[in-house]
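# Per-entry structural report
The residues making up each chain are set out below.
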Amino acid sequence: SAVISQKPSRDICQRGTSLTIQCQVDSQVTMMFWYRQQPGQSLTLIATANQGSEATYESGFVIDKFPISRPNLTFSTLTVSNMSPEDSSIYLCSVVGQGAGQPQHFGDGTRLSIL
Amino acid sequence: GEDVEQSLFLSVREGDSSVINCTYTDSSSTYLYWYKQEPGAGLQLLTYIFSNMDMKQDQRLTVLLNKKDKHLSLRIADTQTGDSAIYFCAEKKADYKLSFGAGTTVTVRA
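This one's a predicted model, so the numbers in the text were calculated from it and none came from an experiment.

Take Q37 of chain A: it is sitting in strand 4 (residues 29-37). Among the residues examined, Q37 of chain A registers a relative accessible area of 6% and is labelled buried. Filtering out sequence-adjacent residues up to four positions away, Q37 of chain A remains in contact with S42, L43, S89, I90 and L92 of chain A together with Q37 and F88 of chain B.

So, in structure tokens, the structure goes:
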């Protein structure tokens, strides 16, 4: 399966600032997604990162707050903008490899705390 | 209600079998997944089953799927302390999106 590297692995940020999280895959993948896992909760899909075009956001998530880029088939970034303590979560990148029936694999996540 | 439901906690003695249950709602789901999350870690794909299968076995893991009842279970044989984690059931929706259950926290006691 693809090796997924997320950076940073964790960060502590001041409210009002922004942080960009990177997701790098060691092979070309079909799909890339960004999920959020709030403390003690399950995973919620933020958006589908589309290569070369605007991301597709789920209900409750907007581009101004969570801008996403995907310039090629192996890399994507998620920015958490104008952060508040409510944004303290784990943010996870996931990918689906090329080929039929490929499962979805996750990176190790970025643990974000906002003070 | 939630698309995917799981019991929240399971306590099992070391060496016994663990069974984690899950129900889902979308009868058109083609794949169902089990992920494991250890403390401070990301999600590890444990196993998955295609919707036209009833059972899948992979070493200590057995997945049973009852498509009629939309019920999925994960059995872990000979449960070890390293199996203590949160286990998430997920169903594949359209466009590869996953809908997750709340997660079952499995505690293995000596």
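So that's the structure; there's more coming.
Residue and element names in this part refer to chain B. Strand order in this open sheet of 5 strands is 1-3-8-7-6, and the pairing throughout is antiparallel. Of all strands in the sheet, those with a lone pairing partner are strand 1 (4-6) and strand 6 (55-58), marking the two edges. Averaged over all pairs of adjacent strands, the angle between strand axes in this sheet comes to 15 degrees, irrespective of strand direction. Note that strand 3 (residues 18-24) and strand 8 (residues 71-76) share 6 bridges and pair antiparallel.

Below, the discussion takes up the pairing of strand 1 (residues 4-7) of chain A. All names here are of chain A. A one-sided burial pattern is seen for strand 1, the buried positions being I4 and Q6 and the unburied ones S5 and K7. In the sheet, strand 1 pairs with strand 3 (residues 19-25) via 4 bridges, with the strands oriented antiparallel. Counted as the bridge partner of S5 is Q24 from strand 3.

Okay, the layout of surface pockets next. A water-sized probe, rolled over the atoms, reveals where empty space remains. Reported here for the second largest pocket is a volume of approximately 300 Å³. Lining the second largest pocket are 20 residues, with Q37, G40 and Q41 of chain A together with Q37 and I86 of chain B sitting closest to its centre. Across the lining of the second largest pocket, the residue classes tally to 9 nonpolar, 9 polar and 2 charged.

Turning our attention to the sheet that holds strand 7 (residues 68-72) of chain A. Residues and elements named next belong to chain A. Reading across from one edge, 1-3-8-7 is the order of the 4 strands in this open sheet, with antiparallel pairing throughout. The open sheet has two edge strands with one neighbour each: strand 1 and strand 7. Across the sheet, the mean angle from the axis of one strand to that of its neighbour is 15 degrees, orientation sign disregarded.

It is worth spelling out the nonpolar core at this point. Membership of the largest hydrophobic core comes to 25 residues, with the highest contact counts inside it found for W34 and L78 of chain A. Breaking this core down by element, the ones donating at least two residues are strand 3, strand 4, strand 5 (43-49), strand 8 (75-80), strand 9 (89-97) and strand 11 (110-114) of chain A. Looking at this core element by element, the count peaks at 4 residues for strand 3 of chain A. Core analysis: the next-biggest nonpolar cluster, separate from the first, contains 20 residues, L65, A85, Y87 and C89 of chain B among them.

It is worth spelling out the interface of chain B and chain A at this point. By a frequent convention, interface size equals the accessible area lost on bringing the separate parts together. Chain B puts 18 residues into the contact, and the matching count from chain A is 21 residues. Between chain B and chain A lies a buried interface of about 1500 Å² when both sides are counted; carbon and sulfur atoms form 57% of it. Three residues stand out in chain B for area buried against chain A, namely L43, Y96 and K97 of chain B, and they jointly supply 35% of the buried area on that side. On inspection of chain B and its partner chain A, the count reaches 1 salt bridge. A salt bridge links K97 of chain B to E58 of chain A; its shortest N-O distance comes to 2.8 Å. One can count 8 residue pairs in polar contact (both at pLDDT 80 or more) joining chain B with chain A. Of all the elements in the fold, those that place two or more residues in the side of chain B that touches chain A are strand 4 (31-37), strand 5 (44-50) and strand 10 (98-100) of chain B. When residues of the side of chain B that touches chain A are assigned to their parent elements, the largest contribution, 4 residues, is made by strand 4 of chain B.

Each value, and the rule that gives it
Residues numbered from 1 in each chain as written. Chains lettered and ligands numbered in written order. Predicted model: local features only at pLDDT ≥ 70, side-chain atom pairs only at ≥ 80, totals over all residues. Heavy atoms only, no water. Helix = DSSP H or I, 4+ residues; strand = E, 2+ residues; numbered from the N terminus. Buried < 20%, exposed > 50% of the residue type's maximum accessible area, 1.4 Å probe, protein only. Contact = heavy atoms within 4.5 Å. Pairing = 2+ DSSP bridges. Axes fitted to C-alpha atoms, helices over the stretch in contact; angles between N-to-C directions. 1 Å grid on protein atoms, 1.4 Å probe; cavity = no way out; pocket = protein on both sides within 12 Å on 5 of 7 lines; lining within 4 Å. Points joined across faces, edges and corners; volume = space filled by probe spheres on them. Nonpolar A, V, L, I, M, F, W, Y, C, P; charged D, E, K, R; others polar. Core = buried A, V, L, I, M, F, W, Y, C linked by side-chain atoms within 4.5 Å. Buried area = accessible area lost by both parts, 1.4 Å probe. Salt bridge = Lys/Arg side-chain N within 4 Å of Asp/Glu carboxyl O. Polar contact = N/O pair within 3.5 Å; in protein donor to acceptor, adjacent residues only side chain to side chain.

Worth remembering: the numbers are spatial, not functional.
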